[in-house]
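Coordinate inspection notes
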Amino acid sequence: MKRDPGYYDYLPYNKRPKIEWPNGARVAFWVAPNIEFYELEPPKNPTRISWPRPVPDVLAYSYRDYGNRAGFQRMMEAMDRCGVRGSVSLNVALCEHHPEIIRACAERGWEFYSHGTYNTRYTFNMSEAQERALIQDSIDTIKKHTGQKLDGWLAPALSYTENTLHLVAEMGLTYVCDLFHDDQPGPVKVRKGRLTSIPYSLEMNDAISFTVNWVTPRHYGDIIRRQFDRLYAEGAESGTVMCIPLHPYLIGQPYRMKAFEEALAYITGHDKVWLATGREIAKHFHDHYYDAFAKASEPIHDF
Amino acid sequence: MISDDYLKYPKRRYGMDHDRYDWSELSKRKPIQWPGGARIALWVTVSLQWFPLDQQGKPFKPLGSLQTAYPDLRHYTLRDYGNRVGIYRIMKALERHAIRPSAPVNAAVAVRYPSLVREIASKGWELVGHGLDMDRLHYEGMPDEAAAITRSLETLRKFGKVRGWLSPAKSESHQTLDLLAQAGIEYVCDWVNDDLPFPMRAGGRALHAMPHSNDIEDATILLGFKHDEDELRDQWIDHFDLLYDEAAARGGRIMVLPLHSWVIGHPYRIGTLETVLAHIMKRPGIWPATGAEILDAWKKAAA
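With that settled, the discussion passes to the confidence of the model for chain B. All names here are of chain B. For chain B, the average pLDDT comes to 98, and 100% of its residues sit at 70 or higher. The spread of mean pLDDT over the elements of chain B runs between strand S7 (residues 205-209), the lowest at 96, and strand S3 (residues 126-129), the highest at 99. Here the predicted complex scores 0.97 on pTM and 0.97 on ipTM.

In structure tokens:
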């Protein structure tokens, strides 16, 4: 095991090249709905169990299924009303299970990136060959069902090996959402290829907010506003990124929708906000700032 | 390491990864008309539960379980409080609006407190099967599950008709639905994946899932999420308001209010229920009904 993942050097927030987003925007804002399929009876992974209760865990399974049957539509309509395109963090098997949802996203010009095959198949303990097969499956499935080139990766259920980021870069992906060390994009040190980390967020993630931190729906709306206000203010000096990662089974519950939509409308009601997708943010950074950020970084000495 | 079978997906196909029900998007179904043109069918459920002192906790301890070493008089009595006191406060709050709820009743409650069950049956409350007690969960490998279902229902049916079922802690084995359908059950409340009823397959017999949200329960919000009573009120009101608006455009919706006499029945909490019921009942187009009545109306409307 390593003591440092080795993916990035040290680059202090107050000593960086200035980021300028398109049209003078202060914040690159993106919304990342996790559109997921959880299996009722997944195979066992030696280091992570899928369900809190014995199979069949009817409650946990059906709770997640709610997102696809009911919650997705509500979330999508709220995003439509606010003029926000999604960057879908997709369990790619959903292309086969629920193509209607894929079509609805595609019609809106949403981006698809990969969140693995199923949210009940973990990367932990995979060999390099197995992990390559997993990534290739995502590349092929997204291409086949949406015509899009796969650019981004968020590991399924945040499960990794030491190879994960190296392999996604080597296989042609351009960005990852798995590093939570920053509020701006940054270069990821990989064996081969050129990979950008873009800020996804666990703090703004509805799953963490609702099921780990137990925040109320109205308070979730408040913390979204506070996060935005600060990143917007700081963005006057150098462009920042704000992401809201969502799960339709959580945010799409009737009692959570209104407070969320109000917060979303608050953000999109500002000027100088770039309503972007993950791919667009990564590309802008990659084209203009990747090298400068890499150069400005200080090497980290292992301790 | 992990077997290559971990990357095989035998149920990767259109629809669900099991055969219990078909994939269906709420937004694409024919709008439902409730009797009298109501927008919202208000379905209050009041669970009457008994947590035995000699709790085994197999295969897990549900929310509300006893917690200390034997004998846990503290939690035993705090739960039993609901059957002696709390339920009568809820009864009063509901009667003010002439609301007849559905009552999932542990068979143990019917045997131990027959006068309570006679009283609610005489008031036209619907009796819903709710297993033997809160320590006899249905799960894969439950000893003699068929006998447990038969005994639960025979006990409760001495007091009135029983058409619906809520498994203790919404826990099921693979056979539960088949056994329930054989025992004459017409609907189950365990699957939280929809906002309207939908048909399930249960060994060739007709069985429906009724949308009995877990998230919006008094116990989940107050004890699980640890929100306070005012936050509970806000969430119930936001839940209702969204469904009420949605129903105007999309057809009838169900507002389920799942209560536990040992949770909401306390003096400092009952006011929250009264406030929310007043908020709901002052609107036009509210149809308070039992689960069985809602299912019958839905079948007619969806036909």
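Moving on from the model shown.
All names here are of chain A. Its 18 residues give helix H7 (residues 217-234) an end-to-end C-alpha distance of 26 Å, which sits within 8% of 26 Å, the value for a rise of 1.5 Å per residue. Residues Pro217, Tyr220, Gly221, Ile223, Ile224, Phe228, Leu231 and Tyr232 constitute the buried set of H7. The buried side chains of H7 occupy one side of the element, clustering within an arc of 165° when seen end-on. Structural note: H7 exposes Arg226 and Arg230 on the side pointing more than 90 degrees away from its buried face.

The next point concerns helix H1 (residues 73-95) of chain B. All names here are of chain B. Counted at 1.5 Å a residue, the expected span for H1 with its 23 residues is 33 Å, and the 32 Å between its end C-alpha atoms agrees. In the structure, H1 departs most strongly from a straight axis at Val85, where the bend amounts to approximately 50°. Buried within H1 are the following residues: His75, Tyr76, Arg79, Asp80, Gly82, Asn83, Gly86, Ile87, Ile90, Met91, Ala93 and Leu94. In this structure, the buried residues of H1 make contact with strand S1 (40-47), helix H2 (107-112), helix H3 (114-122), strand S8 (253-260) and helix H8 (267-281).

Here the focus is the pattern of salt bridges. Residues and elements named next belong to chain B. One pass over the structure, following the stated rule, counts 40 salt bridges over all chains. The partner of Asp133 in a salt bridge is Arg136, with the nearest N and O atoms 2.8 Å apart. Exposure remark for Asp133: the relative accessible area of 2% places this residue in the buried category. Arg136 sits in the partly exposed class, given a relative accessible area of 36%.

With that settled, the discussion passes to the packing of aromatic side chains. How two aromatic rings sit relative to each other is set out by the distance from centre to centre and by the angle between their planes. All chains considered together, the criterion is met by 28 aromatic pairs over all chains. The interplanar angle of 55° and the centroid separation of 5.8 Å between the aromatic rings of A:Tyr113 and A:Tyr175 together place this pair among those described as tilted. With A:Tyr113 in strand S3 (residues 111-114) and A:Tyr175 in strand S5 (residues 175-176), this pair connects stretches of sequence that are 62 residues apart. The residues A:Tyr113 and A:Tyr175 share a single accessibility class, namely buried. Both rings, one in A:Phe228 and one in A:Tyr266, keep their centres 6.1 Å apart while their planes meet at 85°; by these two values the pair is edge-to-face. Of the two residues, A:Phe228 is situated in helix H7 and A:Tyr266 in helix H9 (residues 254-268); the sequence distance between them amounts to 38 residues. An aromatic cluster is present here, built from A:Tyr38, A:Trp51, A:Tyr61, A:Tyr63, A:Tyr249, B:Tyr21, B:Trp191 and B:Phe198 joined pairwise through their rings.

Counted under the stated rule, the structure contains five cavities of 30 Å³ or more. Elements that contribute at least two residues to the lining of the largest cavity include exactly helix H1 (58-82) of chain A together with helix H7 (229-250) and S8 of chain B.

Now for the pairing of strand S1 (residues 27-35) of chain A. Consecutive side chains of a regular strand alternate in pointing toward one face of the sheet and then the other. Residues and elements named next belong to chain A. The element S1 is largely enclosed, with a buried count of nine among its nine residues. The alternating pattern of S1 places Val27, Phe29, Val31, Pro33 and Ile35 on one face and Ala28, Trp30, Ala32 and Asn34 on the opposite face, and all of these are buried. By the bridge criterion, seven bridges tie S1 to strand S8 (residues 240-246) in an arrangement that is parallel. The residue of S8 that forms the bridge with Phe29 is Met242. Of the strand pairs in this sheet, S1 and strand S9 (residues 273-275) are connected by three bridges, and their pairing is parallel. If you follow Val27 over to S9, its bridge partner there is Val273. Bridge count between S1 and strand S2 (residues 87-90): two bridges; the pairing is parallel. Within S2, the position partnered with Asn34 by the bridge is Ser89.

On the chain B side, the residues contacting the 59 residues of chain A number 58 residues. Between chain A and chain B, roughly 5000 Å² of surface is buried when both sides are summed, and carbon and sulfur atoms account for 55% of that area. Counting across the interface, chain A meets chain B through 35 residue pairs in polar contact (both at pLDDT 80 or more). Only H1, helix H2 (94-97), helix H3 (99-107), helix H4 (128-146), H7 and H9 of chain A provide two or more residues apiece to the side of chain A that touches chain B. For the side of chain A that touches chain B, the leading source of residues is H1(A), giving 13 residues. Per-class residue counts for the side of chain A that touches chain B are 30 nonpolar, 14 polar and 15 charged.

In this section: the pairing of S2(A). All names here are of chain A. Burial along S2 is two-sided: Ser87 and Ser89 and Val88 and Leu90, pointing in opposite directions, are all buried. This β-α-β element, S1 to H1 to S2, shows right-handed connectivity. With four bridges joining them, S2 and S3 adopt parallel strand pairing. Within the sheet, the bridge partner assigned to Ser89 lies in S3 and is Tyr113.

Of all hydrophobic cores here, the largest spans 199 residues; its most connected members are A:Phe29, A:Trp30, A:Leu90, A:Tyr220, A:Met242, B:Trp34 and B:Leu273. Of all the elements, H1(A) adds the most residues to this core, at 12 residues. B:Leu132, B:Tyr139, B:Met142 and B:Ala148 belong to the second-largest nonpolar core, a separate cluster that totals five residues.

What counts as what
- Residues numbered from 1 in each chain as written.
- Chains lettered and ligands numbered in written order.
- Predicted model: local features only at pLDDT ≥ 70, side-chain atom pairs only at ≥ 80, totals over all residues.
- Heavy atoms only, no water.
- pLDDT = per-residue confidence, 0-100.
- Helix = DSSP H or I, 4+ residues; strand = E, 2+ residues; numbered from the N terminus.
- Expected span 1.5 Å × (residues − 1).
- Buried < 20%, exposed > 50% of the residue type's maximum accessible area, 1.4 Å probe, protein only.
- Arc of directions from axis to C-beta.
- Bend = angle between axes of the 7 residues up to and from the residue.
- Contact = heavy atoms within 4.5 Å.
- Salt bridge = Lys/Arg side-chain N within 4 Å of Asp/Glu carboxyl O.
- Phe/Tyr/Trp six-rings, centres within 6.5 Å; stacked < 30°, edge-to-face > 60°.
- 1 Å grid on protein atoms, 1.4 Å probe; cavity = no way out; pocket = protein on both sides within 12 Å on 5 of 7 lines; lining within 4 Å.
- Points joined across faces, edges and corners; volume = space filled by probe spheres on them.
- Pairing = 2+ DSSP bridges.
- Buried area = accessible area lost by both parts, 1.4 Å probe.
- Polar contact = N/O pair within 3.5 Å; in protein donor to acceptor, adjacent residues only side chain to side chain.
- Nonpolar A, V, L, I, M, F, W, Y, C, P; charged D, E, K, R; others polar.
- Right-handed = clockwise from strand over helix to strand, strands pointing away.
- Core = buried A, V, L, I, M, F, W, Y, C linked by side-chain atoms within 4.5 Å.

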